[in-house]
Amino acid sequence: MKSMVAEAKIIGITLIVLLFTMATKQESEKAIAMAKYQTDRMNTALELDEEQSQNVASINLKYAKKMNNLMETGGNMFSKMGDMKKIKKGKNKELKKVLTHEQMEKYEEELEPEFRKYFRNQMNK
């Protein structure tokens, strides 16, 4: 009897770990896809050099993960607006260290609005 209970506990724990792993992998894949899209667009539109491209890819992934984690938490979009602005502000601060003034202007004027639209579409899927 004890061995059946122990087996049931082990199976239950294994299922919980498996489900958590699958959810984390899916979350990570969303963030990676978002960061790749942003980096590819920035490479093309801003004509990044190799060093800039590597730095931008790292920044995009870091902030895509933060944004994705925020979206996975409970609450409505309105309640998340302040945190979303903080994430954007942090990302832009890091990008300003990597991009030229002209590239940053183009990013803020053209690419940021495109990325917001892309993000909204991804969240509705």
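What comes next concerns the included structure. (Residues numbered from 1 in each chain as written. Predicted model: local features only at pLDDT ≥ 70, side-chain atom pairs only at ≥ 80, totals over all residues. Heavy atoms only, no water.)

Thoughts on a positive patch on the surface
Positive charge collects at one region of the surface, where Lys85, Lys88, Arg116, Lys117 and Arg120 lie side by side. Counting residues per element, the ones that place at least two in the positive patch are helix H3 (77-98) and helix H4 (101-123). For Lys88, the position within the fold is in helix H3. (Patch = residues over 30% accessible without salt bridge, like charges linked within 9 Å, V, L, I, M, F, W, Y side chains within 5 Å. Areas by Shrake-Rupley, 256 points an atom, 1.4 Å probe, with all protein chains shown as cover. Salt bridge = Lys/Arg side-chain N within 4 Å of Asp/Glu carboxyl O. Lys, Arg positive; Asp, Glu negative; His and termini not counted. Charge placed at Lys NZ, Arg CZ, Asp CG, Glu CD. Helix = DSSP H or I, 4+ residues; strand = E, 2+ residues; numbered from the N terminus.)

Digging into the packing of aromatic side chains
This model, assessed by the stated rule, comprises three aromatic pairs. Seen in terms of ring centroids, Tyr107 and Phe115 are 6.1 Å apart; in terms of plane orientation they differ by 55°. Their pairing is tilted. Given the relative accessible area of 2%, Tyr107 is considered buried. Linked through ring pairs, Tyr37, Tyr107, Phe115 and Tyr118 together constitute an aromatic cluster. (Phe/Tyr/Trp six-rings, centres within 6.5 Å; stacked < 30°, edge-to-face > 60°. Buried < 20%, exposed > 50% of the residue type's maximum accessible area, 1.4 Å probe, protein only.)

Some remarks on helix H2 (residues 50-72)
One full turn of an α-helix is made of 3.6 residues, so residues set three or four places apart face in the same direction. End to end, H2 covers 33 Å across 23 residues, agreeing with the expected 33 Å (1.5 Å per residue, within 8%). All buried positions along H2 are accounted for by Gln52, Ser53, Val56, Ile59, Asn60, Tyr63, Ala64, Met67, Asn68, Leu70 and Met71. A distance of 3.1 Å separates the backbone nitrogen of Glu51 from a side-chain oxygen at the start of H2, and that oxygen is part of Asp49. (Expected span 1.5 Å × (residues − 1). Polar contact = N/O pair within 3.5 Å; in protein donor to acceptor, adjacent residues only side chain to side chain.)

Thoughts on the pattern of salt bridges
Taken as a whole and assessed by the stated rule, the structure comprises four salt bridges. The closest approach of N and O atoms between Lys30 and Glu72, which form a salt bridge, is 3.9 Å. With Lys30 in helix H1 (residues 2-46) and Glu72 in helix H2, the pair connects residues that are 42 residues apart, well separated along the chain. Classification of Lys30 by relative accessible area gives partly exposed; the value is 36%. A salt bridge links Lys62 to Glu94; the nearest nitrogen and oxygen atoms lie 2.7 Å apart. Of this pair, Lys62 sits in helix H2 while Glu94 sits in helix H3, and the two are 32 residues apart along the sequence.

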